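# Descriptive structure summary
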Amino acid sequence: MPTPNLAKLDINGLEIRGYSVAGEETVIMAPYFNVCFDIGRCPEHALNMDHVLLSHGHMDHAAGIAYYFSQRDFREMQPGSALMPEKLVGPINELLDCWGRIDGNRPPANIIPMKPGQEYELRRNLFAFAFATNHAGGALGYTIIERRQKLKSEYFGLAGQEIAKLRQNGEEVTYTLNLPMITFLGDTMGGEFENLACVKHSQIILVECTFFDPDHHDRADAGRHYHIDRLAQVLPTWENETIVLTHLSRRTDLREAKKILKQKLPPEVLDKIVFLMDRGRHKKNRTSESAV
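The rules we used
Residues numbered from 1 in each chain as written. Predicted model: local features only at pLDDT ≥ 70, side-chain atom pairs only at ≥ 80, totals over all residues. Heavy atoms only, no water. Helix = DSSP H or I, 4+ residues; strand = E, 2+ residues; numbered from the N terminus. Rg over C-alpha atoms; globule rule 2.2 N^0.38 Å. Buried < 20%, exposed > 50% of the residue type's maximum accessible area, 1.4 Å probe, protein only. Areas by Shrake-Rupley, 256 points an atom, 1.4 Å probe, with all protein chains shown as cover. Lys, Arg positive; Asp, Glu negative; His and termini not counted. Charge placed at Lys NZ, Arg CZ, Asp CG, Glu CD. Pairing = 2+ DSSP bridges. Axes fitted to C-alpha atoms, helices over the stretch in contact; angles between N-to-C directions. Contact = heavy atoms within 4.5 Å.

## Remarks on the overall build of the protein chain
- What the protein chain contains, in helices and strands, is 9 helices and 15 strands.
- Relative to a compact globule of 292 residues, whose C-alpha radius of gyration would be 19 Å, the protein chain shows 21 Å and is just as compact.
- When its C-alpha atoms are laid out on the principal axes, the protein chain stretches across 65 × 55 × 30 Å.
- When each of the 292 residues of the protein chain is scored for burial, the buried share is 51%.
- A total of about 14,300 Å² of accessible surface is found on the protein chain, and carbon and sulfur atoms cover 48% of it.
- Between the mean site of the 34 positive side-chain charges and the mean site of the 38 negative ones, the protein chain shows a separation of 3 Å.

## Quick notes on the sheet that holds strand β8 (residues 119-123)
- In space, the 7 strands of this open sheet follow the order β8-β9-β10-β11-β12-β13-β14, with mixed pairing throughout. Of all strands in the sheet, those with a lone pairing partner are β8 and β14 (273-275), marking the two edges. Taken pair by pair, the neighbouring strands of this sheet meet at an average axis angle of 30°, ignoring direction.
- Here strand β10 (residues 140-151) pairs with strand β11 (residues 174-184) via 10 bridges, running antiparallel. Bridging from a neighbouring strand, Arg147 pairs with Asn178 of β11.
- Contacts from helix α8 (residues 254-264) reach β13 (242-246) and β14 within the one sheet, and its direction differs from that of β14 by about 165°.

What follows is the structure in structure tokens.
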């Protein structure tokens with residue numbers, strides 16, 4: 001079964017394209033950063049992303065990884081890179097070996113093991129930072145961080161030649177500024193990662209919210225997923241500009257989910273929220289109405 005039509009969001013000029021329904025498929029692309037968070041069944045658009053950031057190995061999030069590498073090879077594209085929890089590296093390589101035996105050709109692939117606290121350079125001044133989440137064993141979330149060098153305030157107003165001379169004399173005239181641009185939590189329940197600065201201050205955060213029913217707390221805990229009651233406690237403590245809710249169940253009526261959010265969240269948080277799979281809303285910016 002092919003991936004259904006992908007949702008498309010425009011968040012302050014940044015495109016996010018993807019599909020995320022609990023138990024079916026999760027694949028979310030951010031073309032500006034050249035990354036795909038999880039791969040689902042690998043829709044066509046995902047092949048254009050040079051980096052796949054796998055959060056965990058469940059089938060609905062990772063089934064398309066072999067097809068991703070195979071199709072890029074078939075289309076004579078450079079091998080893509082897949083960042084993943086280090087526990088998945090062996091099984092994914094075995095999977096590619098198996099498909100190589102079936103297909104007659106093991107596709108070239110850059111498999112990159114990631115540990116919590118580790119970062120990987122996507123391109124100059126752009127990094128993927130991995131952190132532990134609370135789902136399947138070894139599951140990771142990722143923050144895309146833009147790193148800039150900024151002139152220290154005490155040197156404002158100096159001419160370029162003066163600054164160059166200070167550098168030649170060994171003076172540190174700049175400092176490093178890390179800007180968390182977009183964060184993907186993958187599937188998870190609450191955990192220590194909620195207190196990370198890169199999570200709390202990420203401009204855009206992609207957050208699963210699988211359970212809304214008040215009677216489903218046990219199901220949320222058993223599957224290690226967020227329940228809206230937990231998110232209602234956490235979201236007001238974060239300072240994200242936009243919160244994209246993903247991974248709703250087919251059992252969840254979107255209109256009812258919006259009503260529940262209005263009951264549980266303060267207006268200033270509610271105004272930041274957009275549902276990835278809300279076909280009625282495709283654009284959100286600082287001057288737009290709330291998506292809920």
